[in-house]
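Given next are the chains, with one letter for each unit.
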Amino acid sequence: MGMRTFIRAALFSAALFISASVSAMKIERIGPALAHPWGMDFLDHDTVLVTLRGGGLMRIALDDGKTTEITGIPEVYSHRQGGLLDVSAAEGQIYLCYSAILDGRSSTAIDRAVLVDNALIHRQTIFAGNKPTLSGHHFGCRLQVTGGMIYASLGDRGMRDNAQDPASHAGSLIRINLDGSIPDANPDKAGWAPEIFTIGHRNPQGLAMHPRTGDIWTHEHGPRGGDEINIIRPERDGGANFGWPTVSHGREYATGLRVSKHSSLAGYVDPAWVWIPSIAPSGMAFYPDAADGNDTGVMFPEFQGYILVGSLKFRRLYLVELDGETGLPASERIILDGQIGRIRDVAVAPPGPHAGAILLLSDEAQGGLYMITQ
């Protein structure tokens, strides 16, 4: 298996700077304060669905902030990091990723439903992770719906060996059809659960499709150091192993010792980017590029084609800049620093009256949906 180009980002506060464009930005909360919002997606150019980790789904209008609670959501395992997590609206369906209660234990699950007025109807569970546990950690739970399939990230549930066990859904990126069935092109490997597309992931909470290449970009939490951006090429990487914990730049929380003596190893896919120290990344979005025909959605031209990444630990929004020749991460800068608290999710408004505006979720007890415009 070929090794990816690897760029290590040793981040120290003295080496970072805030974009000069921040002074021209307008940051405002849209709608009421929300307790620990987690995921969002657009219903249309003016309407956003937002999940609340404790169990709640809100519809928010960007024009006036009108907020309506949606009923019919599943019961969730609202414990520690668990709850109602990501949401995706695609092809007339609403998809929810959440921590489900299964026989007194919990696992990551995906439901789909139809939104009628203010209620989800015909809701059905199309995926539930195997081997549920009592752990309240590392659910992953980001969704990317594309090409008639769902990619979903599943954390290792705080038990790292899960990530190297292809029979366990935990610690993997899964790929399923919109009805939960298995795509014909999924890896057909002995001992692998059929939904699993890649293994070796710790706790991925960023997932986005590159608008030009169709590659799936994901970022995940390392432990103490070793947060990663990984690039998954659907036509090539089915069955790939992204390393955790056999290969890692991370260190143990308690001792500071390396998790693994290997930061790169034959047979494992290297990350495209590593954060040291950890930023605790969450949420990821590509900013529209006029070169891709997205000129109607460019509000911040200097961000075109780059990646927006939220940080829980440092309460920042990062812009990860890509090399023009390789398309790989090359540098980064801070474009928001502490103004709204822990940033849990990131999105960019589609063509329409708010085209190119940046949407953020503040994961605080009095958090909410924020919009950045010029």
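The paragraphs below set out a description of the structure included in this document. Remember, predicted model here, so these are calculated numbers, not experimental data.

### Some remarks on the sheet that holds strand S11 (residues 143–146)
Sheet architecture is open: four strands sit in the order S11-S12-S13-S14, paired in antiparallel fashion. Of all strands in the sheet, those with a lone pairing partner are S11 and strand S14 (196–199), marking the two edges. Strand-to-strand, the axes of this sheet are offset by a mean angle of 15°, without reference to chain direction. One ladder, built from four bridges, connects S11 with strand S12 (residues 149–154); its direction is antiparallel. By the bridge assignment for S12, Thr146 is matched with Met149.

### Considering the pairing of strand S13 (residues 172–177)
By the criterion of burial, S13 is predominantly enclosed, with six of the six residues buried. Residues Ser172, Ile174 and Ile176 line one face of S13 and the alternating positions Leu173, Arg175 and Asn177 line the opposite face, and both faces are buried. Bridge count between S12 and S13: six bridges; the pairing is antiparallel. Across the sheet, the residue bridging to Met149 is Asn177, located in S13. The pairing of S13 with S14 spans three bridges and is classified as antiparallel. Residue pairing for S14: Ile174 is matched across the bridge by Ile196.

### Regarding the environment of Gly222
Tracing the backbone through its elements, the reader meets Gly222 in the loop between strand S16 (216–220) and strand S17 (227–232). On the accessibility criterion, Gly222 (6% relative accessible area) is buried. Counting along the chain gives 55 residues from Gly222 to Pro277, while the straight-line C-alpha distance between them is 9.6 Å. In contact with Gly222, not counting residues within four places along its chain, are Arg202, Asp227 and Tyr253.

### Section: the pattern of salt bridges
Considering all chains together, one arrives at 14 salt bridges under this definition. Among the ionic pairs, Arg142 bridges to Asp86, the shortest N-O distance being 3.3 Å. Of this pair, Arg142 sits in the loop between strand S10 (119–128) and S11 while Asp86 sits in strand S7 (residues 84–90), placing them 56 residues apart in sequence. Taken as a pair, Arg142 and Asp86 share a single burial class, namely buried. When the shortest N-O distance is used, the salt bridge between Asp237 and Arg236 registers 3.3 Å. Take Asp237: its relative accessible area is 3%, and that puts it in the buried class. A cluster of three or more residues bridged by salt bridges with shared partners is formed by Arg53, Arg342, Arg344 and Asp363.

### Let's talk about the sheet that holds S7
Strands sit in the order S7-S8-S9-S10 across an open sheet of four strands; the sheet is antiparallel. The open sheet has two free edges, formed respectively by S7 and S10, since each of these has just one partner strand. Averaged over all adjacent pairs, the angle separating strand axes in this sheet is 30°, with direction ignored. Inspection of the sheet shows strand S8 (residues 93–102) paired to strand S9 (residues 105–116) by nine bridges, in the antiparallel sense. Residue pairing across strands places Tyr98 opposite Ala109, the latter belonging to S9.

### Some thoughts on the nonpolar core
Nonpolar side chains tend toward joint burial in soluble globular proteins. Among the nonpolar cores identified, the biggest contains 36 residues, and Leu308, Leu317, Ile358, Leu359 and Leu360 are the most heavily contacted of them. Leaving out residues up to four positions away in the same chain, Leu359 has contacts with Met40, Phe42, Leu62, Asp345, Val346, Ala347, Ala349, Leu369, Tyr370 and Met371. If you look at the next biggest cluster of nonpolar residues, it comprises 23 residues, including Leu85, Val145, Ile174 and Ile196.

### Examining the state of the cysteines
By the definition in use, this model includes one disulfide. Two residues share a disulfide in this structure: Cys97 and Cys141, whose sulfurs sit 2.1 Å from each other. Looking along the S-S bond of the Cys97-Cys141 disulfide, the torsion reads about -105°, which is the left-handed sense. You can see Cys97 sitting in strand S8 and its partner Cys141 sitting in the loop between S10 and S11, a full 44 residues away along the chain.

### A closer look at a positive patch on the surface
Residues Arg224, Arg251, Arg258 and Lys313 make up a contiguous surface patch of positive charge. The residue Arg251 is located in the loop between S17 and strand S18 (273–276) in this model.

Rules used in this analysis
- Every chain begins its residue count from 1, and numbering advances along the sequence as written.
- It should be noted that, the model being predicted, local features are given only for residues of pLDDT at least 70 and side-chain atom pairs only at 80 or more, the latter also being counted only at that level, while totals for whole chains, interfaces and linings use all residues.
- By convention in this description, side-chain values take in all heavy atoms of the structure and omit both hydrogens and water.
- The pairing criterion is simple: DSSP has to find at least two bridges between the two strands.
- Where helices and strands are cited, they refer to DSSP runs of H or I of at least four residues and of E of at least two residues respectively, numbered from the N terminus.
- For helices, the fitted axis covers only the stretch in contact; all axes are lines through C-alpha atoms, and the angles between them, taken along N-to-C directions, range from 0 to 180 degrees.
- Partly exposed residues are those whose accessible area sits between 20% and 50% of the maximum for their type, while under 20% is buried and over 50% is exposed, using a 1.4 Å probe and protein chains only.
- We call two residues contacting when some pair of their heavy atoms lies within 4.5 Å.
- Salt bridges are defined by distance alone: a side-chain nitrogen of Lys or Arg within 4 Å of a carboxyl oxygen of Asp or Glu.
- Only buried residues count toward a nonpolar core, which is a set of Ala, Val, Leu, Ile, Met, Phe, Trp, Tyr and Cys residues joined through side-chain atoms within 4.5 Å.
- The definition used for a disulfide is geometric: two cysteine sulfur atoms within 2.5 Å.
- What makes a patch is a set of residues exposed beyond 30% relative accessible area and free of salt bridges, joined within 9 Å when like-charged and within 5 Å when nonpolar (Val, Leu, Ile, Met, Phe, Trp, Tyr).
- A 1.4 Å probe and the Shrake-Rupley method give the accessible areas. Residues count as covered only by the protein chains that appear here.
- When charges are counted, neither His nor the chain ends are considered; positive counts come from Lys and Arg and negative counts from Asp and Glu.
- To locate a charge, take NZ of a lysine, CZ of an arginine, CG of an aspartate or CD of a glutamate.

These results come straight from atomic positions and should not be treated as a statement about function.
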